[in-house]
Amino acid sequence: MSAHHLNISSRKATLWALGLGLTGLMLNCFLPIELYYRVSLLFGSILPLVALGLLGAPFGMLAGLIAAAGTLLLWQQPLPFLALSLELVAVALLTRRGMRLTQAVMLYWLLAGIPIILLSYLYLLNTGVQTALVFALKFGLNGAFNAQISALIILGVRYYCFRSTGAPEHRISFVEALTLLVTAAVYIPPMIMLLLGLRGAEHHHQATLHRTASQVTEATQLLLGDWLQSRLHSINTVAREVALPLVDSPETRQLMTLVKQSD
C-alpha cells in the first residue's frame, strides 16, 4: 500500500499518535487473548501501524513505543518490547522504499523478529527448543495478523477521506484494494479458526484436569475414610481386650460387692 499521509498539522498528528499509542498500550495490557498457557495474542500494534500508514514514520514509531511498553507491564520482560519496537522501525524503513505495509511486517518477522524471539528464549531465558519455537511463531503470526487488520483500517480511512474531500492522494486503485482484500480473505479466516481451535483445546484440557482432580479427591476421601475406620476398629478392639480382664478380675468383683452392700 503506497503511503498517502493525512494532511494535518504536526501537533494534531502528535496528539493522534499519543492517543493511538496509549490505546494500543491498553489493548496489550488488558485485552490479550490467551490461546494456551501464557501464549497470548496481542493487538496493541494494530493502531501504531495505522498511525504509521496515515500519519508518517515518526508518529507511527512514537505510537509503537508507547504501545509496546504495555508488554513490559504484562510480562515484565524486555524481549517482546524490543521486538515490537524494532518492528515499527523496520516497517517504517521498508515502506519508505515503496513496500506495502503487510509485506514489510511479514518480511520483518521472517528475517528479524522471529529469530530475535527464538534466540532470546533459547539463550537468555533458557527455555526448551519447542517452547521457544512456539513463542517465536506466535509473535510472527500475531504480527502478520495485526498488519492485515491495520491495512484494512487504513484502506477504510483513505476511502472515507476520498469520499469526503475528493483529494486525489487518497484515491485507491482497484488493484491495490483487490490485492489487500484477497490477502485478508485468505489470511484472516484461518487465523480466527486457529484462535477458536486453540481456545477450545484449552477449555477441553482444563475440563479434563478438573475431572481428574475431582476423581483424585474422591479417591483420596474414600481411602482416608477406610483408613480411619480401620484405625477406629483397631482401637476399639484393643480397648475391649484391655477392659475385659479388668472387669473379670477379683479386685473388680470385690469392689462391686462392697458397692452393693453399701447400698
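Everything below is about the structure shown above.
Read on for a plain summary of the structure. (Residues numbered from 1 in each chain as written. Predicted model: local features only at pLDDT ≥ 70, side-chain atom pairs only at ≥ 80, totals over all residues. Heavy atoms only, no water.)

**Details of a nonpolar patch on the surface**
Okay, step 1: A contiguous nonpolar surface patch, about 230 Å² in accessible area, is contributed by Leu15, Leu18 and Leu62.
Okay, step 2: Given a relative accessible area of 31%, Leu62 falls into the partly exposed group. (Patch = residues over 30% accessible without salt bridge, like charges linked within 9 Å, V, L, I, M, F, W, Y side chains within 5 Å. Areas by Shrake-Rupley, 256 points an atom, 1.4 Å probe, with all protein chains shown as cover. Salt bridge = Lys/Arg side-chain N within 4 Å of Asp/Glu carboxyl O. Buried < 20%, exposed > 50% of the residue type's maximum accessible area, 1.4 Å probe, protein only.)

**A closer look at the nonpolar core**
Okay, step 1: In terms of nonpolar packing, the biggest core is built from 39 residues, with Leu49, Leu52, Val91, Trp109 and Ile117 touching the most fellow members.
Okay, step 2: Every element with two or more residues in this core is listed here: helix H2 (46-55), helix H3 (57-75), helix H4 (78-96), helix H5 (101-123), helix H6 (129-165) and helix H7 (174-248).
Okay, step 3: Apart from the residues lying within four places of it in its own chain, the contact partners of Ile117 are Leu79, Ala83, Trp109, Phe135, Ala136 and Phe139.
Okay, step 4: With 8 residues, the next largest nonpolar core counts Ala13, Leu20, Phe59 and Ala63 among its residues. (Core = buried A, V, L, I, M, F, W, Y, C linked by side-chain atoms within 4.5 Å. Helix = DSSP H or I, 4+ residues; strand = E, 2+ residues; numbered from the N terminus. Contact = heavy atoms within 4.5 Å.)

**Remarks on H3**
Okay, step 1: When the terminal C-alpha atoms of H3 are compared, their 27 Å separation across 19 residues agrees well with the 27 Å that a helix rising 1.5 Å per residue should span.
Okay, step 2: Looking at H3, one finds that the buried residues are Ala57, Phe59, Gly60, Ala63, Gly64, Ile66, Ala67, Ala68, Gly70, Thr71 and Trp75.
Okay, step 3: Those residues of H3 that are buried lie in contact with helix H1 (10-30), strand E2 (40-41), H2, H4 and H6.
Okay, step 4: Just downstream of H3 lies Gln76, where phi reads positive at about 55°. (Expected span 1.5 Å × (residues − 1).)

**Regarding the packing of aromatic side chains**
Okay, step 1: Tallied over the entire structure, the rule returns 4 aromatic pairs.
Okay, step 2: An angle of 25° between the planes, with centres 6.2 Å apart, marks the rings of Trp109 and Phe139 as stacked. A residue pair is termed long-range when its members are at least 10 positions apart, and Trp109 in helix H5 and Phe139 in helix H6 qualify at 30 residues.
Okay, step 3: Each ring, one from Tyr121 and one from Phe135, has its centre 4.9 Å from the other, and the planes form 10°; the classification is stacked. Note that Tyr121 is positioned in helix H5 and Phe135 in helix H6, a separation of 14 residues in sequence. Phe135 carries the same exposure label as Tyr121, and that label is buried.
Okay, step 4: An aromatic cluster is present here, built from Tyr108, Trp109 and Phe139 joined pairwise through their rings.
Okay, step 5: The ring of Phe139 carries the charged tip of Lys138 above its face, separated from the ring centre by 3.8 Å. (Phe/Tyr/Trp six-rings, centres within 6.5 Å; stacked < 30°, edge-to-face > 60°. Lys NZ or Arg CZ within 6 Å of the ring centre and 35° of its normal.)

**Section: the environment of Leu110**
Okay, step 1: Checked against the element boundaries, Leu110 lands in helix H5.
Okay, step 2: Of the residues examined, Leu110 reaches a relative accessible area of 60% and is grouped as exposed.
Okay, step 3: With 30 residues separating them along the chain, Leu110 and Gly140 place their C-alpha atoms 7.2 Å apart.

**Comments concerning the side chain of Gln148**
Okay, step 1: In this structure, Gln148 sits in helix H6.
Okay, step 2: Setting aside residues no more than four positions away along its own chain, Gln148 makes contact with Thr102, Met106, Leu180, Thr183, Ala184, Tyr187 and Ile188.

**Describing empty space enclosed by the protein**
Okay, step 1: On inspection of all chains with the given rule, the structure shows 2 cavities of 30 Å³ or more.
Okay, step 2: Considered as a void within the structure, the largest cavity measures approximately 80 Å³ in volume.
Okay, step 3: Taken together, Asn28, Leu42, Gly44, Ser45, Leu84, Trp109, Phe139, Asn142, Gly143 and Asn146 make up the lining of the largest cavity.
Okay, step 4: The element that contributes the greatest number of residues to the lining of the largest cavity is H6, accounting for 4 residues. (1 Å grid on protein atoms, 1.4 Å probe; cavity = no way out; pocket = protein on both sides within 12 Å on 5 of 7 lines; lining within 4 Å. Points joined across faces, edges and corners; volume = space filled by probe spheres on them.)

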